[in-house]
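Below are the chains, spelled out letter by letter.
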Amino acid sequence: MFATTTLRLATRSRSTAAAMSTARRGLQVLHTVEAVRAVRGATRANGQTLALVPTMGALHDGHLALMATAKQHADVVASSIFVNPAQFAPHEDLDQYPRTLPADVTALTEQGVVSAVFAPTAAEMYPSGITTNVAEQRGTFVSVAGLSHQLEGEIRPHFFRGVATVVAKLLGAVQPDVVVFGQKDAQQCVVVRRMITDLLLPVTMIVAPTVREADGLAMSSRNRYLSPAERAVAPALSAGLLAAQTAFEQGEKRRDALLAIVDRELRAVDTKGEVKVEYVSIASATDLAEVSGEIGPDGAIMSAAVRLGSTRLIDNVLLGTTL
Ligand code: PAF
């Protein structure tokens, strides 16, 4: 027993020392929970706080803005890059999802904000194994009841179960003081915040504003799937939402009027009707219940999803609320 404990401590202090010495050399890419915990241990030993930015990679400027936000809230920033099978349905694009780790590491190295990238294998994250077929899944999963079935959850029924599960695991693996998410995935923010609260997880969650292209299109890893013609009309979505937000800030509180503004602006950009609207929602930021009549003092999230060819785009604006 004593020998085993000593061996474990020796192993741990060796990996902590290795982590600290690599940290001095720049960005570390870590593939195991043990290695990322060593970095976490070294950070804590130095009296520094740690922020985690969870991602699925294919990093763009929106992600780099999340890293910069994280740096405002902690001494050291780590990012995870893991394409999480549990948030994909069997018919979705898990296999096609872009995996660009070398380019992501280059982008993060050039930015110079992130100290460690946690890029685990699926086996490391799912010791009981993982399949996209929910009926065949085994092991522990986290479901956030009441917030996961509507909006994005209606079209992707298992999506938020997969997200909540992997975020719980990432928080357990990295044990950050702060975790940062982007407002672009508003429902994800609502679900994860509820999970952190309900599971009593000792982490502060920060939501960073959506980063947009010059024409308003919210940055997303999936924008790369748009053809040039689709890319030209894609800003119709943000045009509608941003126009409604402006009207709200000028005093328009009526749900129907705000929805009509989105429709009008969207059609003004998308003159050929190429943008297929899946939903436009005005919902409470607490329980995602649809607002009827007028938006009250607690405000609301206005969110939308559209299809352009085979690409699905989501976006949102906040109407007098925060996430
Ligand atoms: O927003 C994402 O990229 C993913 O849903 C997340 C939070 C990294 C979980 O896989």
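The protein goes by Pantoate--beta-alanine ligase in an unreviewed UniProt entry, where it is assigned to Allomyces macrogynus. Under Sequence similarities (unreviewed entry), UniProt gives the following word-for-word description of the protein: "Belongs to the pantothenate synthetase family." Check the Catalytic activity (unreviewed entry) section of the UniProt entry for the protein; it says "(R)-pantoate + beta-alanine + ATP = (R)-pantothenate + AMP + diphosphate + H(+)".

We now examine the pairing of strand β6 (residues 204-208). Pairing between strand β5 (residues 178-182) and β6: five bridges, direction parallel. Residue V179 lies in a different strand from β6, and its bridge partner there is M205. Crossover β5 to β6 through helix α8 (residues 186-198) is right-handed.

Our next topic: the sheet that holds strand β9 (residues 311-319). Across the sheet, which stays open at both edges, the three strands sit in the order β7-β8-β9 with antiparallel pairing between neighbours. One side of each edge strand has no neighbouring strand; the edge strands of this open sheet are β7 (275-283) and β9. Neighbour to neighbour, the strand axes of the sheet diverge by 15° on average, direction disregarded. Looking at chain direction, β7 and strand β8 (residues 300-308) are connected through eight bridges and run antiparallel. When the sheet's bridge partners are listed, K276 is paired in β8 with R307.

Contact geometry of helix α2 (residues 33-45) with helix α7 (residues 159-174) gives a least axis separation of 8 Å together with a crossing angle of 55°. Classified by the angle their axes make, α2 and α7 are oblique. Seen from α2, the contacting residues are V33, V36, R37 and R40; seen from α7, they are G172, A173 and V174. Here the residues of the contact of α2 with α7 sort into four nonpolar, one polar and two charged.

In this model helix α11 (residues 255-269) runs 22 Å from its N-terminal to its C-terminal C-alpha over 15 residues, within 8% of the 21 Å that 1.5 Å per residue would give. Turning to α11, its buried residues are R255, A257, L258, I261, V262 and L266. On its buried face, α11 is in contact with α10 (235-249), β7, β8 and β9.

Turning our attention to the environment of G216. Its place among the elements puts G216 in the loop between β6 and α9 (228-233). Accessibility expressed as a relative area gives 10% for G216, which makes it buried. Sequence spacing of G216 and G153 is 63 residues, and the spatial spacing of their C-alpha atoms is 25 Å.

Moving on: the environment of N223. The residue N223 is located in the loop between β6 and α9 in this model. Residues N223 and A234 lie eleven residues apart in sequence; the distance between their C-alpha atoms is 8.9 Å. The residues contacting N223, other than those within four sequence positions of it, are L217, A218 and L313.

Here the focus is the sheet that holds β6. Sheet strands pair via backbone hydrogen bonds, and the direction of the pair is either parallel or antiparallel. In spatial order, the strands read β1-β4-β3-β2-β5-β6; together these six strands make up an open sheet with parallel pairing. Of all strands in the sheet, those with a lone pairing partner are β1 (28-30) and β6, marking the two edges. Strand-to-strand twist of the sheet, defined as the mean angle between neighbouring strand axes without regard to direction, takes the value 25°. α7 contacts β2 (50-55), β3 (76-81), β4 (114-118) and β5 of the sheet and is inclined by roughly 145° relative to β2.

The ligand sits among P54, T55, M56, N84, Q87, V163, V166, F181, D185 and Q188. Residue Q87 places a side-chain N or O atom 2.7 Å away from an oxygen atom belonging to the ligand. A distance of 2.7 Å is found between an oxygen atom of the ligand and a side-chain nitrogen or oxygen belonging to Q188. Protein contact buries 88% of the 290 Å² of open area that the ligand shows by itself. Those elements that provide at least two residues to the shell around the ligand are β2 and α7. Here the residues of the shell around the ligand are counted per class, giving five nonpolar, four polar and one charged.

Here the focus is the side chain of T132. Topologically, T132 is positioned in the loop between α5 (122-125) and α6 (152-155). Sequence-distant contacts of T132, that is, excluding residues within four places in its chain, are made with P85, F88, A89, P90, L94 and Q137.

Further remarks concern the packing of aromatic side chains. This model, assessed by the stated rule, comprises four aromatic pairs. Ring centres 5.8 Å apart and planes at 75° place the aromatic pair F88 and Y97 in the edge-to-face group. The same class applies to F88 and to Y97, which are both buried. The rings of F82, Y126 and F141 are connected pair by pair, giving a single aromatic cluster.

As a further point, take unusual backbone geometry. Positive phi, normally seen in glycine, also occurs at A58, with a value near 50°. According to the relative accessible area criterion, A58 is buried, its value standing at 1%. In this structure, L288 takes a positive phi of about 60° despite not being glycine. When its relative accessible area of 4% is taken as the criterion, L288 is described as buried.

About the cut-offs
- Residues numbered from 1 in each chain as written.
- Predicted model: local features only at pLDDT ≥ 70, side-chain atom pairs only at ≥ 80, totals over all residues.
- Heavy atoms only, no water.
- UniProt positions renumbered as here; feature names shortened; annotations may be inferred.
- Pairing = 2+ DSSP bridges.
- Helix = DSSP H or I, 4+ residues; strand = E, 2+ residues; numbered from the N terminus.
- Right-handed = clockwise from strand over helix to strand, strands pointing away.
- Axes fitted to C-alpha atoms, helices over the stretch in contact; angles between N-to-C directions.
- Parallel < 35°, antiparallel > 145°, perpendicular 65-115°, else oblique.
- Contact = heavy atoms within 4.5 Å.
- Nonpolar A, V, L, I, M, F, W, Y, C, P; charged D, E, K, R; others polar.
- Expected span 1.5 Å × (residues − 1).
- Buried < 20%, exposed > 50% of the residue type's maximum accessible area, 1.4 Å probe, protein only.
- Near = heavy atom within 4 Å.
- Polar contact = N/O pair within 3.5 Å; in protein donor to acceptor, adjacent residues only side chain to side chain.
- Areas by Shrake-Rupley, 256 points an atom, 1.4 Å probe, with all protein chains shown as cover.
- Phe/Tyr/Trp six-rings, centres within 6.5 Å; stacked < 30°, edge-to-face > 60°.

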